[in-house]
Amino acid sequence: MTAANTTSISEYGFFFFMARFSGIVTDIDGTVTHDDRRLSVEALKAAHTISGRIPVVLASGNTLCFTRAISKMMGTRSPLIAENGGLLLPSYDADPIRIEPCMDELNAALALLLEHFDLTVFDSRDRVTDISFAKTVSKEDILPYLTDFQNIHFVDAEFAYHLTDKNICKGDALQRTAKMMSMKAGDFVAVGDSNNDIDLFHASGFSFAVANATDTVKKEADYVLQKSFGDGFAEMIDYLLQNDLIELEDERRDYYV
Ligand SMILES: O=C(O)COP(=O)(O)O
Ligand SMILES: [Mg+2]
């Protein structure tokens, strides 16, 4: 939660000051999907109830083409963030904005890891700002090989490992995206499940962790939902609506910029 925001929650779960939020930013894997990555019907239903009446920015570690398709099918009608913040898409048919990563260093780190481990690298044709690979090796085995790469951040996003530029993250991407939309990051409530969502929580006005989130992520969230995966996302939408915490427009529209 940002310091400027007046909403806070007591240890009993009641809001002290009722601020209303004008945007939602959500992670994809583990938050609107099941643990095997099937899109949750409950999350879809919840997203459809608010579709086009409030910006819903998807912020994912996934590739841009994957995130873009999910966005269309969820009806989020808003800009989106892919590759953990490395790519921003202002509108559905716009050219993406690429945040320049230390690509040489990322490729060198991957080459070194491939000398030592038989890694399954994901989406290499589509990924342009970070590197993602399957969690077939323990983090403890990998980290010693990365100590010399000063500009690289290793992220365990639960569904995959990522090597990203240390200056790229979902939280910064939310700041940039909000600015493009003439909003502030603090106007958004965030929801997520993994380490790659923590800076998003810090940038946003208020944050929710789904019940399947890691303990570290739960500690960083302002509110821990009772339900897991897409059911947790639906619980959050219900909570925001029941407590009149989000501003919904009467007419459906696009929030593309
Ligand atoms: O790409 C991943 O590993 C996880 O994606 P997510 O950020 O949507 O959870
Ligand atoms: Mg996730």
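The structure displayed is predicted, hence computed values, not measured ones. (Residues numbered from 1 in each chain as written. Chains lettered and ligands numbered in written order. Predicted model: local features only at pLDDT ≥ 70, side-chain atom pairs only at ≥ 80, totals over all residues. Heavy atoms only, no water.)

It is worth spelling out the site of ligand 1 at this point. In the vicinity of ligand 1, the contacting residues are D27, I28, D29, S60, G61, N62, A157, A160, H162, K170 and N196. Between D27 and ligand 1, the recorded distance is 2.7 Å, taken from a side-chain N or O atom to an oxygen atom. Here the shell around ligand 1 is composed, by residue class, of three nonpolar, five polar and three charged. Built from parts of two domains, the shell around ligand 1 gets at least three residues from each of domain 1 (23–98 + 169–242) and domain 2 (103–165). (Near = heavy atom within 4 Å. Polar contact = N/O pair within 3.5 Å; in protein donor to acceptor, adjacent residues only side chain to side chain. Nonpolar A, V, L, I, M, F, W, Y, C, P; charged D, E, K, R; others polar. Domains from an automatic or database assignment.)

This part takes up the nonpolar core. By size, the foremost hydrophobic cluster in this structure holds 33 residues, and its most contacted members are I24, F208, F233, M236 and L240. The element best represented in this core is helix α8 (residues 229–242), accounting for six residues. Setting aside its immediate chain neighbours within four residues, F208 contacts V189, A190, V191, G192, F201, A221, Y223, L225, M236, Y239 and L240. With 22 residues, the next largest nonpolar core counts L88, A173, F188 and A209 among its residues. (Core = buried A, V, L, I, M, F, W, Y, C linked by side-chain atoms within 4.5 Å. Buried < 20%, exposed > 50% of the residue type's maximum accessible area, 1.4 Å probe, protein only. Helix = DSSP H or I, 4+ residues; strand = E, 2+ residues; numbered from the N terminus. Contact = heavy atoms within 4.5 Å.)

The UniProt feature table records "binding site: substrate" (unreviewed entry) at K170. You can see K170 is positioned in helix α5 (residues 170–180). Look past the residues within four positions of K170 in its chain and what remains in contact with it is D27, A59, S60, G61, I81, N84, G85, N196, D197, D199 and L200. (UniProt positions renumbered as here; feature names shortened; annotations may be inferred.)

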